Amino acid sequence: MVEAQTEAKTKTEDEETEVEEKKEEVEEERNQTIGNAKTEAKTSYGELEAKIKKKTINRLIKSIAGIIDEARIEVSKDKITSTMADPSNVCMYNLELKDSEFEEYGLNEGEDEDRGFETGIDLNRWKKVLKMFDDRKIEIELTPEETKFIGDKREVVLDNYDPSTIQQEPKVPDLELPRKFEVDETDFKEAISNSAEINDNVELKADEEEGEHFVIEANGDAGSYKDQIEIEEDIENEGTAKSTYSLDYLTDIAKASRLLSGKPDNLEIELGTDYPTVLRYDYLTFLLAPRIESE
Amino acid sequence: MVEAQTEAKTKTEDEETEVEEKKEEVEEERNQTIGNAKTEAKTSYGELEAKIKKKTINRLIKSIAGIIDEARIEVSKDKITSTMADPSNVCMYNLELKDSEFEEYGLNEGEDEDRGFETGIDLNRWKKVLKMFDDRKIEIELTPEETKFIGDKREVVLDNYDPSTIQQEPKVPDLELPRKFEVDETDFKEAISNSAEINDNVELKADEEEGEHFVIEANGDAGSYKDQIEIEEDIENEGTAKSTYSLDYLTDIAKASRLLSGKPDNLEIELGTDYPTVLRYDYLTFLLAPRIESE
Amino acid sequence: MVEAQTEAKTKTEDEETEVEEKKEEVEEERNQTIGNAKTEAKTSYGELEAKIKKKTINRLIKSIAGIIDEARIEVSKDKITSTMADPSNVCMYNLELKDSEFEEYGLNEGEDEDRGFETGIDLNRWKKVLKMFDDRKIEIELTPEETKFIGDKREVVLDNYDPSTIQQEPKVPDLELPRKFEVDETDFKEAISNSAEINDNVELKADEEEGEHFVIEANGDAGSYKDQIEIEEDIENEGTAKSTYSLDYLTDIAKASRLLSGKPDNLEIELGTDYPTVLRYDYLTFLLAPRIESE
């Protein structure tokens with residue numbers, strides 16, 4: 001790596017230009033002898049070499065792919081972060097995937113000591129590529145220009161997007177919600193899936209008096225659905241809170257279940273009345289705006 | 001329940017009015033706090049409180065749902081019955097589900113001692129709702145207005161239909177057919193499914209001479225299918241009988257296999273020549289008109 | 001059989017006519033009492049009575065059905081053979097299924113000692129019919145006019161096609177290709193399936209220098225896929241060979257995996273540069289023309 005970079009340096013003085021040239025080179029390379037890309041690709045940007053359980057990265061990508069198609073991600077020395085809103089701004093997520101979630105994580109920096117980078121990835125293509133590997137762990141080499149997936153037998157290279165072409169990072173509102181508690185994420189997922197059979201919306205309710213249960217209720221033309229999920233841990237309890245949310249979004253969000261190494265876990269919910277709700281699956285947090293009935 | 005009813009009695013003198021009011025109350029309740037419906041709902045109609053294996057009710061509903069979309073059912077002290085024909089009057093079923101098929105069965109009557117009731121249910125909605133439960137047994141509370149499904153964790157309420165809006169009960173013809181025998185219902189189901197690959201019609205034949213076998217035969221443009229199913233028990237044998245039937249209907253009817261607690265069982269068949277056939281799956285009997293070739 | 005044939009002989013002197021009459025008889029029989037066809041059908045053609053593992057015949061039919069819809073097959077004393085090209089002449093297969101692949105194989109000839117025959121079969125109908133049997137082994141009676149499938153419980157008859165109505169046998173080119181080697185057929189199938197996610201074409205490459213690996217590479221607009229499959233046995237090695245092929249065809253061809261009794265096996269590949277490739281799955285060999293990029 002160091003060698004390669006030195007060599008690159010001798011070509012141009014203006015880094016900006018070099019990057020441009022490099023991009024073209026990379027492009028050309030890919031079109032002709034992509035197989036050799038691995039040994040030659042280099043930039044003055046850092047390059048992330050990481051190894052992660054396939055299950056983990058798979059679930060993570062699936063969870064986000066329900067909300068958006070393209071994600072801007074920020075790669076730094078000790079974590080990958082991403083905050084994106086869906087096109088209609090009803091739902092946003094915040095991801096903070098620490099290096100400790102990886103089997104291996106190393107950002108090989110340029111001469112600048114701590115040079116992370118931003119890049120854009122196509123979530124549906126990632127989903128397809130991850131399916132191609134039957135390895136338990138997968139090696140990922142990430143540069144601003146491309147992502148290389150390496151398994152025991154095969155390797156796949158996907159071009160990345162220029163992050164400036166992707167929607168900007170949304171502002172995360174500062175919410176103080178009266179209720180905060182944990183429920184079993186599988187119970188939640190089932191209740192959401194059942195509610196979707198009854199209507200498009202669902203009411204989430206935490207009743208002060210019935211403090212032990214979190215109620216999920218859908219009312220449709222033909223009947224109603226009601227589910228009482230046991231509250232595993234009651235963290236904040238300042239009164240009753242209930243809001244109505246779109247089941248389209250909740251169905252996608254609930255896919256984040258078993259995010260952590262594929263094991264069922266608790267989901268932390270923050271809830272207010274006619275307020276956005278916060279749904280926290282370990283290192284992936286969703287914020288979903290309520291539907292206010294205009295009556 | 002007794003308590004609840006007494007309480008209701010003190011509220012009004014005119015029972016008719018009470019029911020009306022109750023209906024509105026129930027309606028309102030459902031829209032707002034459906035969760036409490038369970039403890040408060042009551043009418044002067046009987047209300048059935050029953051518990052049944054999910055597998056049993058599931059298969060029953062699926063079997064009927066192939067023939068019709070909406071069923072008029074009659075709930076009485078010791079059984080639920082229903083007799084319906086499909087819209088084109090080619091196929092009819094007769095259901096007689098005795099209380100003994102239930103884990104629990106109790107009709108809480110009004111002051112009239114034996115007040116059963118009639119109501120209408122949407123079979124496709126029932127199918128969807130039953131999928132929501134992973135309980136082995138399911139509690140069903142049935143009133144003329146609604147059906148409440150109660151599992152360990154969740155409850156679902158479906159509105160019922162006014163039975164007067166559903167097609168009237170068909171006349172069941174009095175048939176005396178020359179052949180009556182039992183075959184394995186799984187063998188029958190397979191033969192029907194295979195025949196459907198060859199043609200739209202199938203000939204069912206019980207040959208006097210080959211008394212041990214029941215023959216299912218389909219002839220199509222490209223070839224033929226012939227299946228010889230062993231007759232498990234020969235009940236009535238007065239000559240050869242053969243008729244042709246539509247495979248569309250037979251495919252739906254054959255879904256009633258394993259109706260009884262999910263175990264494979266015998267199917268009783270009555271057959272004549274160019275006559276309707278009677279297919280009896282335990283407590284659910286189908287009657288299917290033949291196709292007469294106009295030659 | 002001998003008896004039956006003698007009887008047939010007394011009827012007519014002119015064999016040609018007899019066959020015609022027989023055909024009509026068979027036709028009539030099928031329309032009326034197809035169940036008895038088994039004991040009465042006979043011709044002066046040979047009739048093949050064979051028994052084969054359902055798995056074997058199933059995979060074979062599926063493999064060929066990807067290339068063509070109707071196959072002309074030649075039945076002889078000790079094997080069934082078939083050579084067909086797809087309608088666009090890009091891909092052809094050559095099948096040589098020896099009697100040793102069958103559990104039982106007997107061609108009952110006419111008075112001519114070694115009278116095989118040619119007939120035409122509908123592969124999609126065969127696929128459907130094979131699904132109807134849950135037997136481990138299946139009996140097949142093949143005459144020029146029809147195929148009878150006999151299982152423990154059921155029998156299905158399919159009419160055959162007149163082989164003269166089916167596309168003629170293609171000329172098999174005489175190729176001498178510089179590379180010939182064996183790889184694991186499952187590895188190959190996976191690589192083909194993955195490549196199809198990236199593009200419509202794939203490059204197959206055997207590099208002289210990297211003699212241990214066979215490289216499958218697809219380059220698309222969004223990225224690239226590269227798979228290195230270990231060469232299990234290197235049979236012929238005269239230089240580097242690489243050609244590009246259509247993934248549509250390769251996907252169908254790769255279905256022939258596990259052809260031999262359902263066990264994974266090696267696939268023998270012959271490869272040249274911008275030349276057709278030969279893919280040999282035991283007794284079924286495919287020949288696929290390359291795509292030459294017009295640059």
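Labelled according to an unreviewed UniProt entry, chain A appears under the name DNA polymerase sliding clamp, originating from Methanohalarchaeum thermophilum. Here chain A is described in UniProt, under the heading Subunit (unreviewed entry), as follows: "Homotrimer. The subunits circularize to form a toroid; DNA passes through its center. Replication factor C (RFC) is required to load the toroid on the DNA." As recorded by UniProt, the Sequence similarities (unreviewed entry) comment attached to chain A reads in full: "Belongs to the PCNA family."

Novice: Would you mind going over a positive patch on the surface with me for this structure?
Specialist: Residue and element names in this part refer to chain C. On the surface, Lys 55, Lys 62, Lys 127, Lys 131, Arg 136, Lys 189, Arg 258 and Lys 263 cluster together into a patch of positive charge. Along the chain, Arg 136 turns up in the loop between α5 (123-131) and β7 (137-142). For Arg 136, a relative accessible area of 60% corresponds to the exposed category.

Novice: Honestly, the sheet that holds strand β8 (residues 146-150) of chain A in this entry has me stumped. Any pointers?
Specialist: Within a beta sheet, neighbouring strands are joined by backbone hydrogen bonds and run either parallel or antiparallel to one another. Across the sheet, 9 strands lie side by side as β5(A)-β1(A)-β7(A)-β8(A)-β9(A)-β13(C)-β12(C)-β11(C)-β15(C); this open sheet has antiparallel pairing. Each edge of the sheet is formed by a strand with only one pairing partner; in this case those strands are β5 (104-108) of chain A together with β15 (241-246) of chain C. On average, each strand axis in the sheet is inclined to that of its neighbour by 15 degrees, with strand direction left out of account. Of the pairings in the sheet, the one linking strand β9 (residues 154-159) of chain A to strand β13 (residues 223-230) of chain C comprises 5 bridges and is antiparallel in character. What sits directly across from A:Val156, in β13(C), is C:Tyr225. Of the strands in this sheet, β9 of chain A together with β11 (201-206), β12 (213-220) and β13 of chain C are in contact with helix α6 (residues 185-195) of chain C, which crosses β13(C) at around 175 degrees.

Novice: Any chance you could explain the interface of chain B and chain C here in plain terms?
Specialist: Size of an interface, as often reported, equals the accessible area lost when the parts are brought together. Counting residues at the interface gives 16 residues for chain B and 14 residues for chain C. When chain B packs against chain C, close to 1,300 Å² is buried across both sides, 44% of that on carbon and sulfur atoms. Its largest share of buried area at the contact with chain C, chain B owes to B:Ala222, B:Ser224 and B:Lys226, together 38% of the area lost on that side. On the surface where chain B and chain C come into contact, there are 5 salt bridges.

Novice: Help me understand the nonpolar core, please; the structure alone is not making it clear to me.
Specialist: Across soluble globular proteins, nonpolar side chains have a tendency to be buried as a group. Ranked by size, the top nonpolar core spans 210 residues in total, and within it A:Phe188, A:Phe214, B:Phe188, B:Phe214, C:Phe188 and C:Phe214 carry the most contacts. In this structure A:Phe188 touches A:Val183, A:Phe214, A:Ile216, A:Ile229, A:Leu250, A:Leu267, A:Ile269, A:Leu279 and A:Tyr281, once residues within four positions along its chain are discounted.

Novice: Even after reading the chapter, I still don't get the relation of the copies chain B and chain C, so can you show me in this structure?
Specialist: One copy of the chain maps onto the other through a rotation about an axis followed by a shift along the same axis. When chain B is fitted to chain C, the residual RMSD is 0.1 Å, and the transformation amounts to a turn of 120 degrees plus an axial shift of 0.2 Å. Such a combination of turn and shift is consistent with a three-fold rotation axis. Closest to the rotation axis within chain B is the C-alpha of B:Lys131, separated from it by 17 Å.

Novice: I would appreciate a short explanation of the pattern of salt bridges in the present structure.
Specialist: Pairs may arise between side chains of opposite charge once their charged atoms sit close together. Residue and element names in this part refer to chain A. With the rule as written, the count across this model stands at 42 salt bridges over all chains. When the shortest N-O distance is used, the salt bridge between Glu 268 and Lys 180 registers 3.8 Å. You can see Glu 268 sitting in strand β15 (residues 266-271) and its partner Lys 180 sitting in strand β10 (residues 179-184), a full 88 residues away along the chain. Note on Glu 268: relative accessible area 14%, which makes it buried. Looking at Lys 180, the relative accessible area reads 23%, which means it is partly exposed.

Rules of the game
Residues numbered from 1 in each chain as written. Chains lettered and ligands numbered in written order. Predicted model: local features only at pLDDT ≥ 70, side-chain atom pairs only at ≥ 80, totals over all residues. Heavy atoms only, no water. UniProt positions renumbered as here; feature names shortened; annotations may be inferred. Patch = residues over 30% accessible without salt bridge, like charges linked within 9 Å, V, L, I, M, F, W, Y side chains within 5 Å. Areas by Shrake-Rupley, 256 points an atom, 1.4 Å probe, with all protein chains shown as cover. Salt bridge = Lys/Arg side-chain N within 4 Å of Asp/Glu carboxyl O. Lys, Arg positive; Asp, Glu negative; His and termini not counted. Charge placed at Lys NZ, Arg CZ, Asp CG, Glu CD. Helix = DSSP H or I, 4+ residues; strand = E, 2+ residues; numbered from the N terminus. Buried < 20%, exposed > 50% of the residue type's maximum accessible area, 1.4 Å probe, protein only. Pairing = 2+ DSSP bridges. Axes fitted to C-alpha atoms, helices over the stretch in contact; angles between N-to-C directions. Contact = heavy atoms within 4.5 Å. Buried area = accessible area lost by both parts, 1.4 Å probe. Core = buried A, V, L, I, M, F, W, Y, C linked by side-chain atoms within 4.5 Å. Least-squares fit on C-alpha atoms with pLDDT ≥ 70 in both.

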